[in-house]
Amino acid sequence: MPEQRLIIEMGMGNDLHGQDYTKAARRAIEDAFRHSSLPLFGAIGLDHDVMQVRATVAVQDPDAVDVDALVSVLPRGQVTVEVVKGGLNVETDAEPIVIAQASVEAFLPPQKNWRLKR
């Protein structure tokens, strides 16, 4: 049975100096999950380990991203990170500004008869 998406959040991050795609991607993921809180786990007594967390990050040079460094940014659940081509490089007189976009999704196995803990 397919998992149920519990949440999806989007974020943006950049690196103004240094053209560090991993830094921009990390900031995009952090921006996305800072918008979220999952009190559901405590309310129904679920362990965070049952949650699948999938992050998709878009940058202009996906091969320049350290995926393992991004996995360690996400604090809960079973994490996978995919890096795809996208984002934006903004040309300047000095060095390009690297901009990354991210979506972070949380999935749970189908739950039946959810009840709040007392």
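Attention here is on the structure that accompanies the text. Because the structure is predicted, anything quoted here is derived from the model rather than measured. (Residues numbered from 1 in each chain as written. Predicted model: local features only at pLDDT ≥ 70, side-chain atom pairs only at ≥ 80, totals over all residues. Heavy atoms only, no water.)

## Concerning helix 1 (residues 21-33)
In a regular helix each residue adds 1.5 Å, so 13 residues correspond to 18 Å; helix 1 covers 19 Å between its end C-alpha atoms and thus fits that length. All of the buried residues along helix 1 are Tyr21, Thr22, Ala24, Ala25, Ala28, Ile29, Glu30 and Ala32. Sitting at the head of helix 1, aspartate 20 places a side-chain oxygen 3.0 Å from the backbone nitrogen of threonine 22. (Helix = DSSP H or I, 4+ residues; strand = E, 2+ residues; numbered from the N terminus. Expected span 1.5 Å × (residues − 1). Buried < 20%, exposed > 50% of the residue type's maximum accessible area, 1.4 Å probe, protein only. Polar contact = N/O pair within 3.5 Å; in protein donor to acceptor, adjacent residues only side chain to side chain.)

## Description of the nonpolar core
Within soluble globular proteins, side chains that are nonpolar tend to cluster in buried spots. Ranked by size, the top nonpolar core spans 28 residues in total, and within it Ile29, Val57, Leu70 and Leu74 carry the most contacts. Secondary structure elements with two or more residues in this core: helix 1, helix 2 (40-44), strand 2 (52-59), strand 3 (78-85) and strand 5 (97-108). (Core = buried A, V, L, I, M, F, W, Y, C linked by side-chain atoms within 4.5 Å.)

## Some details on the environment of valine 104
Within the fold, valine 104 resides in strand 5. Each C-alpha atom of the pair valine 104 and alanine 55 lies 4.4 Å from the other, and the pair is 49 residues apart in sequence. Valine 104 has contacts with Ile7, Ile8, Glu9, Ile29, Ala32, Val53, Arg54, Ala55 and Leu74, leaving out every residue within four places of it along the chain. (Contact = heavy atoms within 4.5 Å.)

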